[in-house]
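Structural features, examined
Here's the letter readout for the chains.
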Amino acid sequence: MSDTSFITLLIVLLCLNFIVPVLIDAEILGEYSLNGIYLFLFLVGIFSSDHNWFKFLTISFFLLQVSLRIIRFSDSPTEFYFWEQIVMLMNLVLLIIVNLNLLFRDKEITYYRIIGAVNVYLMLGLIGVSLLELIHLVYGHSLEGGWKPDEETLNFPNFIYYSMTSLTTVGYGDLIPTNAAARMTSVFLSAIGILYPAVVISSLISSGMTIKKG
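The paragraphs below set out a description of the structure included in this document. (Residues numbered from 1 in each chain as written. Predicted model: local features only at pLDDT ≥ 70, side-chain atom pairs only at ≥ 80, totals over all residues. Heavy atoms only, no water.)

**Quick look at the overall build of the protein chain**
Of regular secondary structure, the protein chain possesses seven helices and two strands. Secondary structure of the protein chain in N-to-C order comes out as α-α-α-α-α-β-α-β-α. Looking at the protein chain as a whole, 44% of its 214 residues qualify as buried. Looking at the protein chain as shown, the accessible area adds up to about 10900 Å², and 68% of this sits on carbon and sulfur atoms. (Helix = DSSP H or I, 4+ residues; strand = E, 2+ residues; numbered from the N terminus. Buried < 20%, exposed > 50% of the residue type's maximum accessible area, 1.4 Å probe, protein only. Areas by Shrake-Rupley, 256 points an atom, 1.4 Å probe, with all protein chains shown as cover.)

What follows is the structure in structure tokens.
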């Protein structure tokens, strides 16, 4: 079940990182669709864990995410968008831990491990989105450039673009951070973007050499 969910997670993450921003920009998808895809991502994440404790946490975070979104999209005058982003960030971190746990559960190199490594990398991009959204909520701004910030979650196309270009250390310069928190987030993403592939590649090479010696 956990291996199968690796592939499903990859498909959802590829769509969320590369296809959904284009569809939002073209006004084909809206806020409801984006939130639905996020919830589906977290739902799939529940089946990624093979430990009861992780499964309990992923189910709890998922139910909390659903509850907060129901409140926001209902007729209630109260919403908890800031805490919704906090829970989303915690959920993404948990999914990364779950995937890393499965990724290094044994020394055998399979394509599931490669897929899992890519999943973690793409989820790091989504963590960047959540961090930028939180900074935007606290300071009223996080990035500036050739776009006008939206008060709702449709900042997503610009945030995922900036997050992924920072993570890959490309940095085109068309969007720039506007405060220290956003700048440190950029540095964090760039550092992780450099260190993560190096650690994963070295781990896979080490595993391969161990198997050959065995």
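Let us keep going from here.
**Examining the pattern of salt bridges**
Applying the stated criterion across every chain, the model contains three salt bridges. Close ionic contact of Arg-72 with Glu-31 constitutes a salt bridge, the shortest N to O distance being 2.6 Å. Of this pair, Arg-72 sits in helix 3 (residues 52-73) while Glu-31 sits in helix 2 (residues 31-46); the two residues are 41 residues apart in sequence, bridging distant segments of the chain. Each of the salt bridges in this network shares a partner with another, and the network as a whole consists of Glu-31, Arg-69, Arg-72 and Glu-84. (Salt bridge = Lys/Arg side-chain N within 4 Å of Asp/Glu carboxyl O.)

**Considering a nonpolar patch on the surface**
A contiguous nonpolar patch, built from Phe-80, Phe-82, Trp-83, Leu-137, Val-138 and Tyr-139 and spanning about 590 Å² of accessible area, is present on the exposed surface. For the nonpolar patch, the elements supplying multiple residues, two or more each, are helix 4 (81-103) and helix 5 (111-139). With respect to the helices, strands and loops of the structure, Leu-137 is situated in helix 5. (Patch = residues over 30% accessible without salt bridge, like charges linked within 9 Å, V, L, I, M, F, W, Y side chains within 5 Å.)

**As for helix 3**
In this model, helix 3 (22 residues) spans 31 Å end to end at C-alpha, consistent with the 32 Å of a helix rising 1.5 Å per residue. By the burial criterion, the buried members of helix 3 are Phe-54, Thr-58, Phe-61, Phe-62, Gln-65, Leu-68, Arg-69 and Arg-72. Each buried residue of helix 3 sits inside an arc of 130 degrees when the element is viewed along its axis, so together they form one side. Opposite the buried face of helix 3, at more than 90 degrees from it, the exposed residues are Asn-52, Trp-53, Leu-63 and Ile-70. Those residues of helix 3 hidden inside the fold are in contact with helix 2 and helix 4. (Expected span 1.5 Å × (residues − 1). Arc of directions from axis to C-beta. Contact = heavy atoms within 4.5 Å.)

**Points about the environment of Leu-29**
Take Leu-29: it is sitting in the loop between helix 1 (2-25) and helix 2. In contact with Leu-29, not counting residues within four places along its chain, are Val-20, Leu-23, Ile-24 and Ile-37.

**So, the packing of aromatic side chains**
Per the counting criterion, the structure on display carries seven aromatic pairs. Taken together, the ring pairs in this structure connect Tyr-38, Phe-42 and Phe-156 into an aromatic cluster. (Phe/Tyr/Trp six-rings, centres within 6.5 Å; stacked < 30°, edge-to-face > 60°.)

**Some details on the nonpolar core**
Counting residues in each nonpolar core, the largest one holds 52 residues, and the members touching the most others are Leu-16, Tyr-38, Leu-41, Phe-42, Leu-126, Phe-156 and Tyr-196. No other element matches the 12 residues that helix 5 contributes to this core. Apart from the residues lying within four places of it in its own chain, the contact partners of Tyr-196 are Leu-100, Leu-103, Gly-116, Ala-117, Val-120, Tyr-121 and Leu-124. (Core = buried A, V, L, I, M, F, W, Y, C linked by side-chain atoms within 4.5 Å.)

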